[in-house]
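Architecture at a glance
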Amino acid sequence: MEDIIFSPMEIDAIGEIMNISLGSSATAASNMLDHRVDITTPRVSVVNVEDFTLGKIEPAVGVEIKYVCGLEGSNIMLLKRSDVRAITDILLMTETPDEEFELNELSISAVCEVMNQMMGSSATALSDLLGRMVNISTPESFEMTDLDEVKREHFPVTKGPVVVVRFNLIIEDVIDSEFMNVMSVELAKELIAGFGLSEDEPEPAPAPAPAPAPAPSGGGATMSQEEIERMMAGGGAPAPAPAAPAPGAPAAVAPPPAAGEQPGYPGYPPYGQPPMAGGYPYPYPPYPMYPPQPAPPEPKVINAQPARMQSLEAENRLNQEQKQNLDLILSVPLEVAVEIGRTRRKIQEILSFSKGSLVVLDKLAGDQVDLLVNGQCVAKGDVVVIDDNFGIRITEILQKPDINELVQG
């Protein structure tokens, strides 16, 4: 069927376009999963929706991505259910048996995020390839329990041909499988047109040459008012206009100017008029004089002096009695804690916590943690590991702690 709808060159072009776009997707997935990801060997085919089957990837999970800018249509990504489980385990650092895995809200969010990163990189690659902006919508995941229902609700067409592209998916030491990409024939043709391989259009027929104007006859020619006045003033009959050259005849060449004549270019005398003494009768105007530029302002001299800072030594703010008691409170132990982040949850959500529940904090990965002394944040730093123990390397002091406040806290 693909030989009827697409030529062999167009089939190869679809595979190359998908290979370029999904190559960028492999890099994005590799960075997200921290595993080497290879997506290779695209195989393009055109099948009727009625004859479409999942084949080796059954049972499968589908992800629909719609184009919202640059392209029209949608892509349906079909992955094996076991591959989705493996990807979810990599993201959540868990090991779920195949019989216990279920496509719940957490696993759907995980696979949609992976597809969002992959197809976002694919859209960027297509944008560079097609020379226009390409954007996608948020991926929508669904479990393919009933293939006929999925065809009716998610496939680009319910009847007729669709383009199916199969890829090999290899994730380092985890997955060696394949997945499919289903798109409409119209979307595939739009990609081919952007790639510069659109079908040849018939060339328009050349326009017929205009018929030459009939030459004026001796008695029926019509003269303008200016010609009649010039003839009555003694100028004689006007010279007939030169006849248009016949089609294919060489163009007439003007004779060279005689001695003393100037060429008839704009700004010069016409043919037959000698130059005037002292120059041409149409001299070029002089160049305009530019107004004098103002002198640049003198540089300002700024008298910079170092700022005078008050001494922050604690002894300078204590009276004599407090200085004597300072040594007594220096040995008071304080509770030092490191806080990674915080979050707020409803009681109903907290009661639903179980083993394996995921709690998202208000800090991003890579942010500095807070150092708390008796509940007060006094510094920030990076988490380090020292002899199998966690530690913190202080990188920023927020405020100099007050001894009295720390002891009271």
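Computed from a prediction, not measured in an experiment: that's the story for all the values here. (Residues numbered from 1 in each chain as written. Predicted model: local features only at pLDDT ≥ 70, side-chain atom pairs only at ≥ 80, totals over all residues. Heavy atoms only, no water.)

Examining helix α4 (residues 105–130)
Here α4 spans 36 Å end to end across 26 residues, near enough to the 38 Å set by a 1.5 Å rise per residue. For α4, the capping residue at the N-terminal end is N104, with a side-chain oxygen 3.3 Å from the backbone nitrogen of L106. Following α4 by one or two positions, G131 has its phi on the positive side, about 80 degrees. (Helix = DSSP H or I, 4+ residues; strand = E, 2+ residues; numbered from the N terminus. Expected span 1.5 Å × (residues − 1). Polar contact = N/O pair within 3.5 Å; in protein donor to acceptor, adjacent residues only side chain to side chain.)

Focus: the packing of aromatic side chains
For any pair of aromatic rings, geometry is given as the distance between the ring centres together with the angle between the planes. Summed over all chains, the structure comprises 2 aromatic pairs. Between F52 and F155, the aromatic rings sit 5.3 Å apart at their centres with planes inclined by 65 degrees, giving edge-to-face as the arrangement. With F52 in the loop between β1 (37–48) and β2 (60–69) and F155 in the loop between α5 (147–154) and β6 (161–171), the pair connects residues that are 103 residues apart, well separated along the chain. Looking at F52, the relative accessible area reads 3%, which means it is buried. Judged by relative accessible area, which is 6%, F155 ranks as buried. Residues F167 and F179 carry aromatic rings whose centres are separated by 5.3 Å and whose planes lie at 20 degrees to one another, so their mutual orientation is stacked. One end of the pair, F167, is in strand β6; the other, F179, is in strand β7 (residues 175–184), with 12 residues separating them in the sequence. Taken as a pair, F167 and F179 share a single burial class, namely buried. (Phe/Tyr/Trp six-rings, centres within 6.5 Å; stacked < 30°, edge-to-face > 60°. Buried < 20%, exposed > 50% of the residue type's maximum accessible area, 1.4 Å probe, protein only.)

Some details on a nonpolar patch on the surface
Taken together, the side chains of I340, I350, F353, V359 and L361 define a hydrophobic patch exposed on the protein surface, amounting to about 420 Å² of accessible area. Note that V359 resides in the loop between α9 (347–351) and β9 (369–373). (Patch = residues over 30% accessible without salt bridge, like charges linked within 9 Å, V, L, I, M, F, W, Y side chains within 5 Å. Areas by Shrake-Rupley, 256 points an atom, 1.4 Å probe, with all protein chains shown as cover. Salt bridge = Lys/Arg side-chain N within 4 Å of Asp/Glu carboxyl O.)

A few points about the nonpolar core
One finds F6, I39 and V163 to be the most contacted residues of the largest nonpolar core, which totals 49 residues. Among residues more than four places away in sequence, those in contact with V163 are F6, V44, S45, V46, N181, V182, M183, S184, V185 and A188. Counting residues in each nonpolar core, the second largest holds 15 residues, with V49, F52, L54 and V150 among its members. (Core = buried A, V, L, I, M, F, W, Y, C linked by side-chain atoms within 4.5 Å. Contact = heavy atoms within 4.5 Å.)

So, α5
In an α-helix there are 3.6 residues to a turn, and that puts residues three or four apart on one side. Within α5, the full set of buried residues consists of V150, K151 and H154. The arc that holds the buried residues of α5, viewed along the axis, is 105 degrees, so those residues lie on one side. Opposite the packed face of α5, turned more than 90 degrees from it, sit the exposed residues R152 and E153. Contacts from the buried residues of α5 go to β2, β3 (74–80) and β5 (140–143). (Arc of directions from axis to C-beta.)

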